[in-house]
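# What the coordinates show
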Amino acid sequence: MKSSDLFARAKTLMPGGVSSPVRAIKPYPFYVERAAGSHLTTVDGADLIDCCLGYGPLILGHAHPVVREAIERQLEKGWLYGTPSPLEIDLAEIITGDHPGIDMVRFVSSGSEATMAAIRLARGYTGKQDIIKVEGGFHGAHDAVLVKAGSGATTLGVPDSAGVVADLVAHTRQVPYNDPEALEKLLSGNDDVAAFILEPIMGNVGPVLPDDGYLADVREITAAHDVLLILDEVITGYRVGIGGAEVLYGVKPDIATFGKIIGGGLPIGAFGGRRDIMELVAPSGPVYQAGTFSGNPASLAAGSAALRYLHDHPEIYRRLDDATRAIEEVAVDAHQGSFVRIGSVFKHFFRGSAPRNYREVKECDTEAFSRFWKAMLDAGIFLPPAQFETNFLSAAHTQVDIEQIADAYRSCLFA
Ligand code: PMP
């Protein structure tokens, strides 16, 4: 059955026909039959180079043999125990070993769960109620972080979704990214802030990169006000290098959240941090957190295999950086927009200069992006279907793939 027919059926069964909103590409999304390495094969017979990669987890590409073997080995031993397993110790040791700021971790099943628990933990630890997030920062789909951007730092948060109780997000304040003064000002007038949560690199409207010194300023300001710093490394963790943004920028969080890559492509999340903070999590402390699928053996096995592989092949990060540089070299010659990249993360913004915060991101010409996106798809390159989603590369992208992507940029940007 063709994608158009499948979508017609799906729309009668699932809201918008999809399991997550961004997938509802107009007029209908393509359905995938199989994926291997850097390529997707659709049910319509198209072969696409994938620069979406499951929205980030697949840094080794689809169905990487080492990860697949780890999953297969685990499946033979069962995939849900409801008891502790040695696998979680293994992955916890890798993650704590790679992150100087992380003494202990708790595994959950998604990035959303991780940030929800991290925020609760920060409130439980500090006894304070408010949190601050960055305008346009994304931390998953739970109530406390679904706050309309642009509602301003000094006003109360306004829900960004029907069904979110206004009283709940009234405790969520926002500041623009790359604006340490706004953070300082907000904290100077509010002593009820438990935590500042931010993506060290804005990944869900970007990449929007931190100005030099921004993250160090954020660390200093939060510490001076006794506010916990939660680094949301769901995208950046193992994506910008081993140790994520914490190591890349040398900024030590009090709590960090993870997801995506640490599960090797299977569902996972984790939050971790300083020992005295993490000891407050149940059952060792009073901050409740639990999950049937937490510490899922298949995800842990896949995650450990992926992270070990990255440890054993550190050259992957350099190769991926070279690859996005090669695409950049083509894109910078375009007469429109600005190209932003860091390591294997890249994006062409349809705006004169690279955006530094959400308000600048919103100035992008989304119609020009849509035309570009469609042209890229016609050229066989699948980019995430929104101006405000990050493109990724994987270790499975070959030199030929990179040249094809660069050629497509050349023809689609200059069209
Ligand atoms: N935090 C960040 C920075 C993310 O990018 C995402 C997902 N895109 C989440 C949290 C939520 O993760 P999940 O989709 O696994 O719930």
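Residues numbered from 1 in each chain as written. Predicted model: local features only at pLDDT ≥ 70, side-chain atom pairs only at ≥ 80, totals over all residues.

## Some remarks on the domain arrangement of the protein chain
- When cut into domains, the protein chain gives domain 1 (31–63 + 314–413) and domain 2 (65–311).
- For domain 1 versus domain 2, the distance between C-alpha centres works out to 25 Å.
- Looking at the side of domain 1 that touches domain 2, the elements that each hand over two or more residues are α11 (315–331), β11 (338–342), β12 (345–349) and α12 (358–361).
- Its residues assigned to classes, the side of domain 1 that touches domain 2 shows 14 nonpolar, 6 polar and 4 charged. (Domains from an automatic or database assignment. Helix = DSSP H or I, 4+ residues; strand = E, 2+ residues; numbered from the N terminus. Nonpolar A, V, L, I, M, F, W, Y, C, P; charged D, E, K, R; others polar.)

## Focus on the site of the ligand
- As a matter of local geometry, the ligand sits amid 16 residues, with S110, G111, S112, G140 and V234 nearest to it.
- Among the elements that line the shell around the ligand, the one with the most residues is helix α4 (residues 111–126), at 3 residues.
- Here the residues of the shell around the ligand are counted per class, giving 4 nonpolar, 10 polar and 2 charged. (Near = placed C-beta within 6 Å.)

## Examining the UniProt feature "modified residue: N6-(pyridoxal phosphate)lysine" (unreviewed entry) in the protein chain
- Within the UniProt annotation, "modified residue: N6-(pyridoxal phosphate)lysine" (unreviewed entry) is assigned to K260.
- Relative to the helices and strands, K260 is located in the loop between β9 (255–259) and β10 (269–273).
- Residue K260 is classed as buried on the basis of its 29 C-beta neighbours within 10 Å. (UniProt positions renumbered as here; feature names shortened; annotations may be inferred. Buried ≥ 20, exposed ≤ 12 C-beta atoms within 10 Å, placed from the backbone.)

## Overview of the sheet that holds β12
- Strand order across the open sheet formed by 3 strands is β11-β12-β14, with antiparallel pairing between neighbours. Among the strands making up the open sheet, the edge pair consists of β11 and β14 (391–392).
- Bridging between β11 and β12 involves 5 bridges; their strand directions are antiparallel. Counted as the bridge partner of S338 is F349 from β12.
- Contacts between α11 and the sheet are confined to β11 and β12, with β11 contributing the most and set at about 170° to the helix. (Pairing = 2+ DSSP bridges. Contact = placed C-beta atoms within 7 Å. Axes fitted to C-alpha atoms, helices over the stretch in contact; angles between N-to-C directions.)

## Let's talk about the packing of helix α13 (residues 366–378) against helix α14 (residues 399–413)
- In the contact formed by α13 and α14, the axes pass within 9 Å of each other and the chain directions differ by 135°. With respect to each other, α13 and α14 are oriented oblique. In terms of crossing hand, the pair formed by α13 and α14 is right-handed. Judged by residue contacts, F372, A375 and M376 of α13 engage A408, C412 and L413 from α14.
- Along the lines of polarity and charge, the residues of the contact of α13 with α14 split into 6 nonpolar, no polar and no charged. (Parallel < 35°, antiparallel > 145°, perpendicular 65-115°, else oblique. Left-handed = near helix turned anticlockwise from the far one by under 90°.)

## A look at the environment of D276
- Mapped onto the elements, D276 comes out in helix α9 (residues 275–278).
- Between the C-alpha atom of D276 and that of A326, which follows or precedes it by 50 residues, the distance is 45 Å.

## Observations concerning the sheet that holds β9
- Strands sit in the order β4-β10-β9-β8-β7-β5-β6 across an open sheet of 7 strands; the sheet is mixed. If you trace the sheet from one side to the other, it starts and ends with β4 (104–108) and β6 (172–175), each paired once. Within this sheet the neighbouring strands show an average axis-to-axis angle of 20°, counted without direction.
- Where helix α3 (residues 86–98) meets the sheet, its contacts fall on β4, β9 and β10, and the angle it forms with β4 comes to roughly 125°.
- In the packing of α4 onto the sheet, contacts are made with β4, β5 (130–134), β7 (193–198), β8 (228–232), β9 and β10, and the angle to β9 comes to roughly 165°.

## Thoughts on the packing of α11 against α14
- Look at α11 against α14: their axes get within 9 Å of each other, and the N-to-C directions meet at 20°. By the angle between their directions, the pair α11 and α14 is classed as roughly parallel. Regarding α11 and α14, the two cross each other, and that crossing is right-handed. Here α11 contributes A323, A326, I327, V330 and A331 to the contact with α14, which in turn contributes I402, I405, A406, Y409, R410 and L413.

## Digging into the confidence of the model for the protein chain
- Considering every residue of the protein chain, the mean pLDDT works out to 96; 98% of them sit at 70 or more.
- Model confidence for the protein chain, summarised as mean pLDDT per element, is weakest for helix α5 (residues 166–169) at 90 and strongest for β9 at 99.
- The ipTM assigned to the predicted complex is 0.99, against a pTM of 0.97. (pLDDT = per-residue confidence, 0-100.)

## Describing the environment of P180
- Tracing the chain through its elements places P180 in helix α6 (residues 180–188).
- On the basis of neighbour counts, which here come to 17 C-beta atoms within 10 Å, the residue P180 falls in the partly exposed class.
- Taking the C-alpha atoms as reference points, P180 and V218, separated by 38 residues in sequence, lie 6.3 Å from one another.
- Those residues within four positions of P180 in sequence are excluded, and the remaining contacts are Y214, D217, V218 and I221.

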